[in-house]
Number of protein chains: 2
Amino acid sequence: MLEQLKHKFHLNDSQWELFSSCLKKLKVPAKTTLLQEGEIAKRIFFIEKGCIRVLFNHDGRDLTLQFFFENETVASMESFKKGAPSLMGMETIEPCTLWFISKHDLDLLLPELEKVSGLRNKFTEYLFERMFLYMRHFFSFIKDSPLERYQNLIQEKPIVIQRVPQHYIASYLGISSVHLSRIKSQLVRKNMKSS
Amino acid sequence: MLEQLKHKFHLNDSQWELFSSCLKKLKVPAKTTLLQEGEIAKRIFFIEKGCIRVLFNHDGRDLTLQFFFENETVASMESFKKGAPSLMGMETIEPCTLWFISKHDLDLLLPELEKVSGLRNKFTEYLFERMFLYMRHFFSFIKDSPLERYQNLIQEKPIVIQRVPQHYIASYLGISSVHLSRIKSQLVRKNMKSS
DNA sequence: TACATTTGATAACAAATGTTATCGCCAGCC
DNA sequence: GGCTGGCGATAACATTTGTTATCAAATGTA
């Protein structure tokens, strides 16, 4: 199961052994807070089973930024990297089986891992991709209506529709849950007409 | 003037000589298209004088993504790097004095420049920062009202308010120019009351 | 100077979206 | 089986924001 990670980071056997020896397992129920907003992120999580949302609070309103599922890597990168208070929090949506590595361990490991030729390049590539993803997501916020954003989500991440409660999806799309209901019934009515 | 660049990239004298010999000067009037949406970006620009906006079209509507001013570096990074059609266009707002380096020249130069110890690290850092900036900008779109976004802009980038026509600012804030007018007059009325 | 163009403000109306409240459904739990 | 809490749909109403049109001021240019 975790072998995914080995390939993701292009590690050879001995590096993988080193790396995986630092991984710790964590089983938590739904609605567990993994990182509090304002806290300093000290762990990177890998999801074996379950799903997680990244969120933050604003005027008492709970806003969802992103969803993560099986085999994905989650961390509050800026906080983790800089040791600064995290702008966002993280919590489980479903009961989760997670693995994590602590910043402490990773810092010890990095000099060794960096000997891998090309690892740094891979990392830069990864950063690029993350950046491009954020940009596209941002674009869609500027140019698309809530209806279009919802349809995009159905197309591109149907797993979110299937597994995430609707009010989280609404806050992810930047609208109220009532309005998301409206959009859905609007779509249903449209489909009934056209068929 | 251009010496800024030398320090920005931490180049030594000989590298700077090499690099600057590839820079070409370009003077253009206001409203000049530097990169068409859909075109492949082949140049990175450095602004000596003037300002530039990054934009894209959607359903005939012209949407502004970012503004750049003196001593800033502009490119459609994803397109430049991947050789893919650019998702966004670039045009001058004011008459501009620019310097640019072509992708062709930069590719020739990079092997030489990469010998600089730490340059790659600096570049990764730069990517990180860009990414964090995008994330914060994105956050503000989710959590702030147009009024708050406008006030943030006044605080954080007053130069935009001073030099950019209002309808571009409106499209940057994600609202219509009429609504930005409303917000402004609303602020004026509030200030009159409180003083 | 005079003209055209760009820019910004405002009003009136339309559409989109939020808020609050209510109801029903369903899963989990005793 | 019956209760409870979480979730989602819907209605009614309030607020925000967009659209279109018009005018005035500022700016650039012949």
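Residues numbered from 1 in each chain as written. Chains lettered and ligands numbered in written order. Predicted model: local features only at pLDDT ≥ 70, side-chain atom pairs only at ≥ 80, totals over all residues. Heavy atoms only, no water.

Trainee: Quick one: what's the story with the protein's contact with DNA strand D, residue by residue and with numbers?
Mentor: Near DNA strand D there are 15 residues, and of these Gln166 and Ser181 of chain A together with Pro146, Ser176 and Arg182 of chain B occur at the shortest range. For DNA strand D, the backbone makes up 64% of the atoms found within 4 Å of the protein, where backbone means sugar plus phosphate. Glutamine 166 of chain A is positioned with one of its side-chain polar atoms (N or O) 2.5 Å from a phosphate oxygen of DNA strand D. Histidine 179 of chain B is positioned with one of its side-chain polar atoms (N or O) 3.2 Å from a phosphate oxygen of DNA strand D. For the surface near DNA strand D, the elements supplying multiple residues, two or more each, are α8 (166–173) and α9 (177–194) of chain A together with α9 (177–194) of chain B. In terms of residues, the surface near DNA strand D owes the most to one element, α9 of chain A, which gives five residues. Residue classes in the surface near DNA strand D are distributed as five nonpolar, seven polar and three charged. (Near = heavy atom within 4 Å. Polar contact = N/O pair within 3.5 Å; in protein donor to acceptor, adjacent residues only side chain to side chain. Helix = DSSP H or I, 4+ residues; strand = E, 2+ residues; numbered from the N terminus. Nonpolar A, V, L, I, M, F, W, Y, C, P; charged D, E, K, R; others polar.)

Trainee: With reference to specific residues and values, describe the pattern of salt bridges.
Mentor: Residues and elements named next belong to chain B. Enumeration according to the criterion identifies 21 salt bridges over all chains in this entry. Two residues, aspartate 13 and lysine 6, come together in a salt bridge whose shortest N-O distance is 2.6 Å. Residue classification places lysine 6 among the buried positions, given a relative accessible area of 13%. In this structure, glutamate 91 and arginine 53 form a salt bridge, with 3.4 Å as the shortest nitrogen-oxygen distance. (Salt bridge = Lys/Arg side-chain N within 4 Å of Asp/Glu carboxyl O. Buried < 20%, exposed > 50% of the residue type's maximum accessible area, 1.4 Å probe, protein only.)

Trainee: Outline the nonpolar core, supporting the account with residue identities and numerical values.
Mentor: Formed by 94 residues in total, the largest nonpolar core has its most connected members in Phe19, Leu23 and Ile101 of chain A together with Phe19, Leu23 and Ile101 of chain B. Setting aside chain neighbours within four positions, we find leucine 23 of chain B in contact with Leu2, Leu5, Trp16, Phe46, Trp99, Phe100 and Ile101 of chain B. (Core = buried A, V, L, I, M, F, W, Y, C linked by side-chain atoms within 4.5 Å. Contact = heavy atoms within 4.5 Å.)

Trainee: Outline unusual backbone geometry, listing residues and values.
Mentor: Residues and elements named next belong to chain A. One non-glycine residue, lysine 31, adopts positive backbone phi at about 65°. As for its position among the elements, lysine 31 is in the loop between β1 (24–28) and β2 (33–35). By relative accessible area, lysine 31 is classed as exposed at 60%. Here asparagine 71, not a glycine, exhibits a phi torsion of approximately 70°, which is positive. Position of asparagine 71 among the secondary structure elements: in the loop between β5 (61–68) and β6 (73–74). Given a relative accessible area of 37%, asparagine 71 falls into the partly exposed group.

Trainee: Explain the packing of aromatic side chains to me, using residue names and the numbers behind them.
Mentor: One pass over the full model with this rule turns up 13 aromatic pairs over all chains. Relative to phenylalanine 46 of chain A, the ring of phenylalanine 19 of chain A lies with its centre 6.4 Å away and its plane at 70°, an arrangement referred to as edge-to-face. You can see phenylalanine 19 of chain A sitting in helix α2 (residues 13–21) and its partner phenylalanine 46 of chain A sitting in strand β3 (residues 43–49), a full 27 residues away along the chain. Exposure remark for phenylalanine 19 of chain A: the relative accessible area of 3% places this residue in the buried category. Using a relative accessible area of 5% as the deciding quantity, one classes phenylalanine 46 of chain A as buried. When the centroid spacing of 5.9 Å and the interplanar angle of 55° are considered together, the rings of phenylalanine 45 of chain B and phenylalanine 100 of chain B count as tilted. Taken together, the positions of phenylalanine 45 of chain B in strand β3 (residues 43–49) and phenylalanine 100 of chain B in strand β8 (residues 96–102) put the pair 55 residues apart, joining distant regions of the chain. Here phenylalanine 45 of chain B matches phenylalanine 100 of chain B in class, with each residue buried. Grouped by ring-pair contacts, the aromatic residues Phe138 and Phe141 of chain A together with Phe138 and Phe141 of chain B constitute a single cluster. (Phe/Tyr/Trp six-rings, centres within 6.5 Å; stacked < 30°, edge-to-face > 60°.)

Trainee: A description of the pairing of strand β5 (residues 61–68) of chain B should follow, citing residues and the corresponding values.
Mentor: Taken residue by residue, a regular strand's side chains alternate between the two faces of the sheet. Residue and element names in this part refer to chain B. When strand β4 (residues 52–58) meets β5, the two strands line up antiparallel, connected through seven bridges. Opposite histidine 58, over in β5, you have arginine 61 as the bridge partner. Between β4 and β5, which pair antiparallel and follow one another directly, the connecting turn spans two residues, one of which, aspartate 59, has a positive phi of 50°. (Pairing = 2+ DSSP bridges.)

Trainee: Would you mind going over the protein's contact with DNA strand C in detail, with residue names and values included?
Mentor: Taken together, 16 residues are adjacent to DNA strand C, and Pro146, Ser176 and Arg182 of chain A together with Gln166 and Ser181 of chain B come closest. For DNA strand C, the fraction of protein-proximal atoms (within 4 Å) that sit in sugar or phosphate groups is 63%. Between a phosphate oxygen of DNA strand C and a side-chain N or O atom of histidine 179 of chain A, the distance comes to 3.2 Å. Within the backbone of glutamine 166 of chain B, one N or O atom sits 2.6 Å away from a phosphate oxygen of DNA strand C. Only α9 of chain A together with α8 (166–173) and α9 of chain B provide two or more residues apiece to the surface near DNA strand C. Looking at which element gives the most residues to the surface near DNA strand C, the answer is α9 of chain B, with five residues. Taken together, the residues of the surface near DNA strand C sort by class into five nonpolar, seven polar and four charged.

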